[in-house]
Each structure stands twice: as structure tokens, then as C-alpha cells.
Amino acid sequence: MGLTAADLLVDELKARGVPFIATLNGHGLNPLYLACEKAGMRLIDVRNEQAASYMAEITGRLTRSVGVCAVSGAVAHANALTGVLNAWFDGAPMLLITGITSLHRLGFGDFQDFNPVPMAAPICKFARLLDVPERVPQMVHEAYIAATSGRPGPVHLALPIDVAETEVDATTIPMSRVRSGSVRIDGHGDPDCVDAVVERLKTSQRPLIVAGSGIYYAKGENALRQFSEAFAIPVVVPVWDRGSVPDATPNFLGVVGAASGDPGIPAQSDLIIAAGTEFDYRVGQFAPPAIHPEAVVTHIHADTSRLRSGLEVEISILGSPANVLDQLRDRARKQKIQPFDSWLSEARLLRETFRNQCEEKADSLPPPMNGRDVVRAVRACLEEETVLLVDGGNIGQWFNQLLEDRLPGNWVTCGASGVIGWGLPGAMAARALYPDRPVILLSGDGSFTFTVAELECASRQQLPFVAVVADDEEWGITVTGQESEYGYPLYSKLGPTRLDLVAEGFGCHGIRVETSDGLIRAIQKGLKEEKPTVIQVPVIPSSPSPLNERSSVETLTR
């Protein structure tokens, strides 16, 4: 048997460095599976298509290259769109492959007769049917270009079973000579626009850098740090964006836009440099009261369609955030801009005061443990190379407020959509990507049970990690908001569970702990195990918010 179109597809994926394909078997996928076996492409199978798409999306967010999942058609395709939508919100590079019925029978009422492309297209940068076997390499290349250019994002290819099985003569098929799977963001900002920002710096008293995911995907960590430290400019990150602060630095002052509040530093700033940041609620749509009424806002973005979206700001600069920050640093040095040491100290005091209020809130809570205690224990177990995944609304708020001195690229949260339930598949992806690094999942009890059956898949396929589950028996972040607004919770309480025993039933290690010391010991032990370890930690329902309030938008997030 010669090469098939499915072989060509897998060859294109291998050439672009795809480490594995997350999948759930079903109608239309067998030719792809056979091609993967022939080519030595690793397949990691799951029990729900959501999990497969989350694995692909988290791969994209951890590696800055395209993660891949493959599912069957119809309802399976719809299930997989959860991870695709999250990638769309977060700007993460991923590819969804959907195996479907034969092309020549499409629309004739066969089993799972459904064209998935129109369903995926609105939330994908590229979506099309693989309808010509000889053009599969070209179509894959076009999908990858879309996924990795400008603002990264999800793409989709539908593979009909008869197209996949068609034999082709590879020697006659044109293929791209460059087959890269990594995000590529380049381009320098307009010098006149850069000079305009520097002119604003001359008269500014309180500048602020809002560092979005675009800096991470542009590999701009060093540019961010060098610019901020050269001029003592505070840095904040929109909550749930990708981290670009790999080391502890006094310039990093945590997240903004969290449901549990923040110190309000943007509202005190007179010049905001929003680099790789999206226009959304986390930055208050760049408008008062989130920012000062007289503040000048500069928006730096690599994607022209995103640069002026929403409410256009005073200065818009198209280009790689990494390159533009370097340009700003160099021009500011030539203009002899002096460091803003006094403002940095003031901003740090704002952050320290707010953080102390969160600590006081935790100190006032009754025993045995609360979210602060869990976060402290996890922090005590972190190493430089630890991959940390945080899945959950309420425990995520404790994490956001208390682990504020750094936010490296190997820490992953839910992303801009606020989705929950991705953590277990995300931990599986992290282990597959980094077999020699510690992997810790910090999760809430509600989030954890979305995809709890994936524990079996992780155990069977030797993908160990440690999952710390903070169990408050409620959708904690929702309860806090509802109690604040209505005085009582609305359908947001959960019953008691024994997740440690559930883990044992799925072939993993399970343990229940109720003290901080016991949690630290359990994490350290679990990191040495060859199977996943689930640590259930009963916690007092609580919020780190000093005011115990939520905005009308944030109360809708679990």
C-alpha cells in the first residue's frame, strides 16, 4: 500500500514537531490512526472530546506551538469545541482535526452526516474541509500559518474518511519548504509612534505596563523585564493571561481584573502601556473607573484586527510587543528618561496593603484550612521548573492574590474565558510534554469533577502528576457573589465527596489531608510516584476579597 492522504497529514504534523495527538476514537478516525501508527506519532486517548481539545489547547499555551487533537464527527465535534473556544478567547495555537463521513456521501443521510466546518469557523482563524487529497500538505500549511501568525489561535480541518484513505503519489505533490509549528511574531513599531510614547514618558509621573499574553507569545520576557527595570516602571498582568515574569522582581505587582479585586494601580496611573493586551473587562475596557480619567493609554499588539478593537486608545502601535518594548527602552535611554523609583515604591505599597488585607481575611477564618493555606503549601513545593496548572474559580482567586511575585510561562491558568474543568487534561498534556519536570495541578472540587474520569487515562498511559483539590463543597466564587448581592446562594452548593477514593478507583493514588504540614508532605511524596496522586483538602468556604464583593459580570463566573 502506498501513501494515503492521512499519511501526508501526519507527515506534515511530524515535520512541525507535534509531540502527540490527543484523541477519542470514533467514526472517521481509523485512517488517521493507521497513519499515526505507521509514522510513530504518539496518540494519547481520553474519555471525553472536551479533554482532548483541552490537551491540545494547553499544549499550545505551554509550548507556543500548535497543539493537536483529533475527534470524530457530529456530537463529538461539538464536544471538542469547548477547548477550541477557550483557545479563541486566549489566543492559543491549536489544531482540531475532525474525522467525518465520506466526502462523496456528505449530505446523503449516512451515519453522523454533518459538515463540521461551518460550526467551527466562527471561533477559528482557519477552518476548511480537506476535500482534495493531493492538496492536504498545502491546506495543513495554511492552517498552521493562521494558527501561529499575529495573535495565535485555533484552526480546524475536517478529514472525510474516503479522502483520508485515498492513495497519492507524494513525489508529485508540492510541499512547503518551511514547516514550522511555532508561533512567529515579528515586526517593529512605527518610530514616530514609539517617539510619541517616549514623549509621554517625559511628562509622566506614574507610568504602568500592563503585560498581556502577547508578550509571552512574542517571547518578550527579557524585553519586558529590561524596559521595566531600566526605568522602574511597575508591571501588572491581566488576570488569567499567560505569564511573562519568570523571576521574582520588585517591578511585578500581580494581576488586575480579578474577581476578588486588586489594588487599583491602573486607576492611579497617568500613562498605561498595554503590551500584548486584549480589550476586555480585565483592563476595564481601557476606560474609567478602571483607569484614571486623564490617563494616556498606549496599545501595542501584533495583530492589526485586535489593535484598535473596542475603544481605540490614544496611541496604537502595530508590531511584536517584544520588539516595541526594546524600541521604547532604547529611545527612552537616548532621551535620558529618569527611573520612576518613587512611583514604583508607591505602587508596591498599594499592592502590599491589598495583599495584607487578603492575609487578614484568611487569618480571621476558622480551622482547619482555607484557600490561603493550600496556596502556601503548594508554593512551598514549587521548584524553578515546576509546571503549575490552576483550575478553579475560588482557589484561583487565592492563587492570584498570594503568588504575586512572579508569573512564569510554565504556570497556566484558565485563560480569558474563565473556563473550569480543563485542569486534569491540562496536567496530562504537561506530563506528556515534560516527562522530567514536576507537574502540579491546583484545582477546586467543582472544577476537578468536570473531567474526573480522565484519571483512568492518565494512570493507564503513565502520565503522573499531583492534583491538589481544595474542597469547599460549593461553587465558591459564585456563592460569594450571590451572597453579596442576594444574601443567599442560588443553586451553587455541592455535596460531600471522597475524591481520594474516586482516584483509587481509577487506578491512581488518593489521599485526604487536613493540615498544611500534611499537605506539603503529601505533595512531595506524590511527585515521586509513577501514577497520578490526588490530594483532597477540605477547606473552609472563603474568598480572599477584602470587601467580599463581586461585580455583576464576575458573579456569573464559577
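Only a predicted model underlies this, so the values are computations on that prediction, with no experimental measurement involved.

(A) Examining the overall build of the protein more closely. Across its full length, the protein carries 22 helices and 18 strands. Taken over C-alpha atoms, the radius of gyration comes to 24 Å for the protein, in line with the 24 Å a tight globule of 558 residues would show. Residues classed as buried in the protein amount to 60% of the 558 residues present. When contacts within the protein are restricted to residue pairs at least 6 apart in sequence, those whose partners lie at least 24 apart make up 77%. Surface accessibility of the protein: about 21100 Å² in total, with carbon and sulfur atoms responsible for 50%. Across the protein, the mean location of the 49 positive side-chain charges is 4 Å away from that of the 67 negative side-chain charges.

(B) Structural view of the confidence of the model for the protein. Confidence in the prediction of the protein, expressed as mean pLDDT, is 94, and 97% of residues score 70 or more. Scored below 50 in pLDDT, residues 548-558 shows 31 contacts in the model against residues more than four places distant or in partner chains.

(C) Up close: the sheet that holds strand β18 (residues 533-538). On the basis of which strands lie adjacent, the open sheet formed by six strands has the order β14-β13-β15-β16-β18-β17 and parallel pairing. Of all the strands in the sheet, just β14 (411-412) and β17 (509-512) have a single pairing partner and so form its edges.

(D) Quick peek at the nonpolar core. Counting residues in each nonpolar core, the largest one holds 136 residues, and the members touching the most others are L328, F448, V468 and L519. Contacts of L328, omitting those with residues within four sequence positions, involve V194, V197, V198, F227, I273 and I300. In this structure, A6, L8, L29 and A143 belong to the second largest nonpolar core, which totals 35 residues.

(E) Structural context of the sheet that holds strand β2 (residues 43-45). Ordered by their spatial adjacency, six strands build an open sheet running β2-β1-β3-β4-β6-β5, and the pairing between neighbours is parallel. Here the strands that pair on one side only, and so sit at the sheet edges, are β2 and β5 (126-129). Across the sheet, the mean angle from the axis of one strand to that of its neighbour is 20 degrees, orientation sign disregarded. Direction of pairing for strand β1 (residues 21-23) relative to β2: parallel, over a ladder of three bridges. Note on β2: the bridge partner recorded for A22 is I44. Sitting on the sheet, helix α4 (residues 75-90) is in contact with β3 (67-72), β4 (94-100) and β6 (154-160), with an inclination near 165 degrees to β4.

(F) Expanded view of helix α1 (residues 5-15). Within α1, eight of the eleven residues are buried, which leaves the element mostly enclosed by the surrounding structure. Buried residues of α1: A5, A6, D7, L8, L9, V10, E12 and L13, and no others. Positive phi appears at G17, one or two residues downstream of α1, with a value of about 80 degrees.

(G) Layout of the packing of aromatic side chains. A complete count under the given rule lists six aromatic pairs for this structure. Considering the side-chain rings of W88 and F89, the 5.2 Å spacing of their centres and the 85 degrees angle between planes classify their relative orientation as edge-to-face. The lysine or arginine in question, R64, covers the ring of Y216, its NZ or CZ lying 4.3 Å from the ring centre. Its guanidinium or amino end placed over the ring of Y434, R437 lies 4.4 Å from that ring's centre, counting from NZ or CZ.

(H) Main features of the packing of α1 against helix α6 (residues 136-148). Where α1 contacts α6, the axes come no closer than 9 Å and their chain directions differ by 35 degrees. Like other packed secondary-structure pairs, α1 and α6 cross with a definite hand, here right-handed. Every residue of α6 that contacts α1 at A5, L8, L9, E12 and L13 is listed here: V136, P137, V140 and Y144. Its residues assigned to classes, the contact of α1 with α6 shows eight nonpolar, no polar and one charged.

(I) Seen up close, a nonpolar patch on the surface. A cluster of nonpolar side chains, L85, W88 and F89, forms an exposed patch at the surface whose accessible area comes to about 250 Å². Along the chain, the position of W88 falls in helix α4.

(J) Focus on the pattern of salt bridges. If you walk through the whole model with that rule in mind, you get 35 salt bridges. Here E456 ties to R460 by a salt bridge, and the two come within 2.7 Å at their closest N and O atoms. Highlighted residues: E456 and R460, both in helix α19 (residues 454-460), separated by four residues, approximately one helical turn. Residue classification places E456 among the buried residues on the basis of a relative accessible area of 17%. Taking relative accessible area as the criterion, R460 reaches 42% and is therefore assigned partly exposed. When the shortest N-O distance is used, the salt bridge between D500 and R498 registers 2.7 Å. The class for R498 is partly exposed, based on a relative accessible area of 39%. Sharing partners across several salt bridges, the network here consists of R355, E359, D363, R372, D373 and R376.

(K) A look at helix α14 (residues 341-363). With 23 residues, α14 should reach 33 Å at 1.5 Å per residue; the first-to-last C-alpha distance of 32 Å fits that figure. The set of residues buried in α14 consists of W343, L344, A347, R351, F354, C358, E359, K361 and A362. Buried residues in α14 make contact with β7 (207-211), β9 (252-256), α11 (265-268), α15 (371-380) and α16 (394-402).

(L) Region of the structure containing the pairing of β18. Within β18, six of the six residues are buried, which leaves it mostly tucked inside the rest of the structure. Alignment of strand β16 (residues 466-471) against β18, held across six bridges, turns out to be parallel. Paired with V468 across the bridge in β18 is I535. With four bridges joining them, β17 and β18 adopt parallel strand pairing. When the bridges of β18 are listed, R512 appears paired with Q536. You can see the chain leave β17, run along helix α22 (residues 516-526) and come back into β18, and the turn it takes is right-handed.

The rules behind each value
- The written sequence of each chain sets the order in which its residues are numbered from 1.
- At least 70 in pLDDT is required for a residue's local features to be given in this predicted model, at least 80 for side-chain atom pairs to be given and counted, and no such filter applies to totals for whole chains, interfaces and linings, which use all residues.
- Side-chain measures here rest on the full set of heavy atoms in the structure, leaving out hydrogens and waters.
- Helix numbering and strand numbering both begin at the N terminus, where a helix is a DSSP run of H or I of at least 4 residues and a strand a DSSP run of E of at least 2.
- With the radius of gyration taken over C-alpha atoms, the globule rule is written as 2.2 Å times the number of residues to the power 0.38.
- Here the term buried applies to any residue with accessible area under 20% of the maximum for its type, exposed to any over 50%, and partly exposed to those in between, with areas from a 1.4 Å probe on protein chains only.
- Any two residues whose heavy atoms approach within 4.5 Å are treated as being in contact.
- Here the Shrake-Rupley method, with its probe set to 1.4 Å, supplies the accessible areas, and only the displayed protein chains count as covering residues.
- For this count, His and the chain ends are skipped, Lys and Arg are scored as positive, and Asp and Glu as negative.
- By convention, charge coordinates are those of NZ in Lys, CZ in Arg, CG in Asp, or CD in Glu.
- Residue-level confidence of the predictor is summarised by pLDDT, bounded by 0 at the bottom and 100 at the top.
- Pairing between strands requires that DSSP locate at least two bridges from one strand to the other.
- We define a nonpolar core as any set of buried Ala, Val, Leu, Ile, Met, Phe, Trp, Tyr and Cys residues linked to one another through side-chain atoms lying within 4.5 Å.
- Orientation is described by lines fitted to C-alpha atoms, with helices fitted over the stretch in contact, and by angles between N-to-C directions that extend from 0 to 180 degrees.
- Two rings belonging to Phe, Tyr or Trp (six-membered ring only in the last case) form a pair when the distance between their centres is within 6.5 Å. Interplanar angles under 30 degrees mark stacking, angles over 60 mark edge-to-face geometry, and anything in between is tilted.
- Distance and angle both matter: a charge sits over a ring if NZ of Lys or CZ of Arg is within 6 Å of the ring centre and within 35 degrees of the ring normal.
- In this scheme the handedness of a crossing depends on how the near helix is turned from the far one: anticlockwise by less than a right angle means left-handed, clockwise means right-handed.
- Polar here means any residue outside two lists: the nonpolar Ala, Val, Leu, Ile, Met, Phe, Trp, Tyr, Cys and Pro, and the charged Asp, Glu, Lys and Arg; Gly therefore counts as polar.
- Candidates for patches are residues over 30% relative accessible area with no salt bridge; among them, like charges are joined within 9 Å and nonpolar side chains (Val, Leu, Ile, Met, Phe, Trp, Tyr) within 5 Å.
- Here, a salt bridge means any side-chain nitrogen of Lys or Arg that lies within 4 Å of a carboxyl oxygen of Asp or Glu.
- To estimate how far a helix should extend, the number of its residues minus one is multiplied by 1.5 Å.
- With the strands aimed away from the viewer, a crossover counts as right-handed if its path from the first strand over the helix to the second runs clockwise.

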